[in-house]
Amino acid sequence: MRMVLFTVITYLVYLFVKKVYGKTNLPFFHPLLLTPLLLIALISFGHVSANKYLDATKWLTHMLGPATVAFAVPIYKHLPIIKKYFGTIMISITSGTLVAILSTFGLSKLIHLNVAFITSILPRSITTPIAIEVSKDIGGLPALTTVFVILTGIMGGVIGPSVLKWLSIRTPIAKGLALGMAAHGAGTNKAMEYGEQEATFSSLAMIFAAWITFIWGVVLIPPLMHFHSFF
Amino acid sequence: MKLGILVIQVLGIHVFLFLGAAVKKVVPLPIPASMFGLCLLFLALYFHIIKLEWVEKGANWLMAELLLFFIPSAVGIVNYDEIISVQGAEIVGLIGISTIIVVGMTALIAEMITRMKGSGQQ
């Protein structure tokens, strides 16, 4: 069974990279960066087409659905924290999503991306299943959006901690919110290395960012794209 | 058996995904099934329809292994090599710069609000 074989290989490579990353903590060994590179090398070495691999492992991608549902558990467990910090979370994430969309839009204009690319890249900082939905809604290409979400996750996991260090961010709430906001699940995964509080705020940031970006997808992005057509 | 409990709990969480898909059919909003599922699971926990222990282990596993579920999509980037060869470096640069800005701004705003509220409350 190809499905079992490719899943087992993927899991073993992932476990191996995770272990190496845990020991060395070098950004280049980040699981989201090194695992795909090793797998690409393996499948091209074994003359397997990428599409065959993708078809056999698509159930892993499907697990992003239940993984998104699972975030109900930290929301439920941390309800008192949400109530206490609701204002901070809302202001930070509303600004964060706005900065994410506007900076991405501005930079896309700067490098002259075409319209399909711009609409695909705008929702890049939120979790895949929701980014895809926003992308479809504003006229982007879901497959392309997935690529940009992944690249964002890699960047967030690799650069995020350095940015927090440069700015000498101290509070767990700021560290967690920033990582979850900027780099969805990958950021939250990084936040788990800092501690329980950071991880909590990061998962909350990820969920709030998804919801708020949804709203921006309706009220902000269409006028933005309209404005884009004037150039 | 630990693995058995994990599998059952993950399947249980799947049920909420399916319920979410059912809600999506009825509600005419462009919200993904998984988000409806998240709300339903939250409500079920909140109103004590289900116990936290019934889903906690499965949920923790799903969240801890989130990166694994991204791997096939990341491998799928090879299908976009023509984009990557034309504007790839620029796009990677764009995402890098924007990510730095987003991490920085969000962290500074959250830190500022927390300081303003007074450090004694932490």
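Residues numbered from 1 in each chain as written. Chains lettered and ligands numbered in written order. Predicted model: local features only at pLDDT ≥ 70, side-chain atom pairs only at ≥ 80, totals over all residues. Heavy atoms only, no water.

1. Quick look at the overall build of chain B
Regarding its fold elements, chain B presents five helices and zero strands. Computed over the C-alpha atoms, the radius of gyration of chain B is 20 Å, more than 25% above the 14 Å expected from 2.2 N^0.38 for a compact globule of 122 residues. Every one of the 122 residues in chain B was classed for burial, and the buried ones make up 48%. Here the contacts in chain B between residues at least 6 apart in sequence split such that 42% fall between residues at least 24 apart. Here chain B displays about 6,300 Å² of accessible surface, and carbon together with sulfur accounts for 73% of that area. Side chains of chain B give 7 positive and 7 negative charges; the mean places of these two sets differ by 16 Å. (Helix = DSSP H or I, 4+ residues; strand = E, 2+ residues; numbered from the N terminus. Rg over C-alpha atoms; globule rule 2.2 N^0.38 Å. Buried < 20%, exposed > 50% of the residue type's maximum accessible area, 1.4 Å probe, protein only. Contact = heavy atoms within 4.5 Å. Areas by Shrake-Rupley, 256 points an atom, 1.4 Å probe, with all protein chains shown as cover. Lys, Arg positive; Asp, Glu negative; His and termini not counted. Charge placed at Lys NZ, Arg CZ, Asp CG, Glu CD.)

2. Some remarks on the domain arrangement of chain B
Where the parts come together, the accessible area they lose is often given as the size of the interface. Taken domain by domain, chain B comprises domain 1 (1-64) and domain 2 (79-122). Placing the centre of domain 1 of chain B and that of domain 2 of chain B at their C-alpha centroids yields a distance of 30 Å. (Domains from an automatic or database assignment.)

3. Observations concerning unusual backbone geometry
Residues and elements named next belong to chain A. A positive phi angle, near 55°, is found at His112, a position not held by glycine. Structurally, the position occupied by His112 is in the loop between helix H7 (79-110) and helix H8 (115-121). Backbone geometry at Ser168 places phi at a positive 40°, although glycine is not the residue there. Among the secondary structure elements, Ser168 is positioned in the loop between helix H10 (142-166) and helix H11 (172-194).

4. Side note on the pattern of salt bridges
When the charged atoms of two side chains with opposite charge come close together, those side chains can pair. In total, this model carries five salt bridges over all chains according to the counting rule given. With a closest N to O distance of 3.0 Å, Asp55 of chain A and Lys58 of chain A form a salt bridge. Here Lys77 of chain A makes a salt bridge to Glu56 of chain B, at a shortest N to O gap of 2.7 Å. Within this pair, whereas Lys77 of chain A is found in helix H6 (residues 72-77), its partner Glu56 of chain B is found in helix H3 (residues 52-64), the two belonging to separate chains. The exposure class of Lys77 of chain A is partly exposed, given its relative accessible area of 34%. (Salt bridge = Lys/Arg side-chain N within 4 Å of Asp/Glu carboxyl O.)

5. Some remarks on helix H13 (residues 221-228) of chain A
Residues and elements named next belong to chain A. Regarding H13, the residues found buried are Ile221, Leu224, Met225 and His228. Summarising the axial view, the buried residues of H13 lie within an arc of 95°, below the 170-degree limit, and thus occupy one face. Residues of H13 that are buried sit in contact with H7, H8, helix H9 (128-138) and helix H12 (196-219). (Arc of directions from axis to C-beta.)

6. Side note on the domain arrangement of chain A
All names here are of chain A. Examined at the domain level, chain A breaks down into domain 1 (2-62) and domain 2 (69-228). Distance between the C-alpha centres of domain 1 and domain 2: 25 Å. The partner domain 2 presents eight residues to the six residues of domain 1 that form the contact. For the pair domain 1 and domain 2, the two sides together bury roughly 560 Å², of which 69% comes from carbon and sulfur. Of all residues in domain 1, Tyr21, His30 and Leu32 give up the largest surface area on contact with domain 2, accounting jointly for 67% of the area buried on that side. The tally of links between domain 1 and domain 2 comes to one residue pair in polar contact (both at pLDDT 80 or more). Its residues placed into classes, the side of domain 1 that touches domain 2 shows four nonpolar, two polar and no charged. (Buried area = accessible area lost by both parts, 1.4 Å probe. Polar contact = N/O pair within 3.5 Å; in protein donor to acceptor, adjacent residues only side chain to side chain. Nonpolar A, V, L, I, M, F, W, Y, C, P; charged D, E, K, R; others polar.)

7. Notes on the interface of chain B and chain A
At the junction of the two partners, chain B supplies 72 residues and chain A supplies 96 residues. Across the chain B to chain A interface the summed buried area is about 7,700 Å²; carbon plus sulfur atoms make up 79%. In this assembly, chain B and chain A are joined by two salt bridges. Residue Glu65 of chain B is joined to Lys18 of chain A by a salt bridge in which the shortest nitrogen-to-oxygen separation is 3.3 Å. Viewed at the interface, chain A and chain B are joined by twelve residue pairs in polar contact (both at pLDDT 80 or more). Those elements that provide at least two residues to the side of chain B that touches chain A are helix H1 (2-26), helix H2 (33-46), H3, helix H4 (66-75) and helix H5 (81-116) of chain B. Of the residues contributing to the side of chain B that touches chain A, the split by class is 49 nonpolar, 16 polar and seven charged.

8. Thoughts on the packing of helix H2 (residues 31-45) of chain A against H4 of chain B
Where H2 of chain A contacts H4 of chain B, the two axes come as close as 9 Å, and the packing angle between them is 50°. In terms of axis orientation, H2 of chain A runs oblique to H4 of chain B. Here H2 of chain A and H4 of chain B pass one another in a crossing that is right-handed. For the pair H2 of chain A and H4 of chain B, the contacting residues are Pro31, Leu32, Thr35, Pro36, Leu39, Ile40 and Ile43 of chain A in the first and Leu67, Phe70, Ile71, Ala74 and Val75 of chain B in the second. Here the residues of the contact of H2 of chain A with H4 of chain B are counted per class, giving eleven nonpolar, one polar and no charged. (Axes fitted to C-alpha atoms, helices over the stretch in contact; angles between N-to-C directions. Parallel < 35°, antiparallel > 145°, perpendicular 65-115°, else oblique. Left-handed = near helix turned anticlockwise from the far one by under 90°.)

9. Here we look at the confidence of the model for chain A
When pLDDT is averaged across chain A, the result is 90; 99% of the residues are at 70 or more. Within chain A, no element has a lower average pLDDT than H9 of chain A, which sits at 82, and none a higher one than H7 of chain A, at 94. (pLDDT = per-residue confidence, 0-100.)

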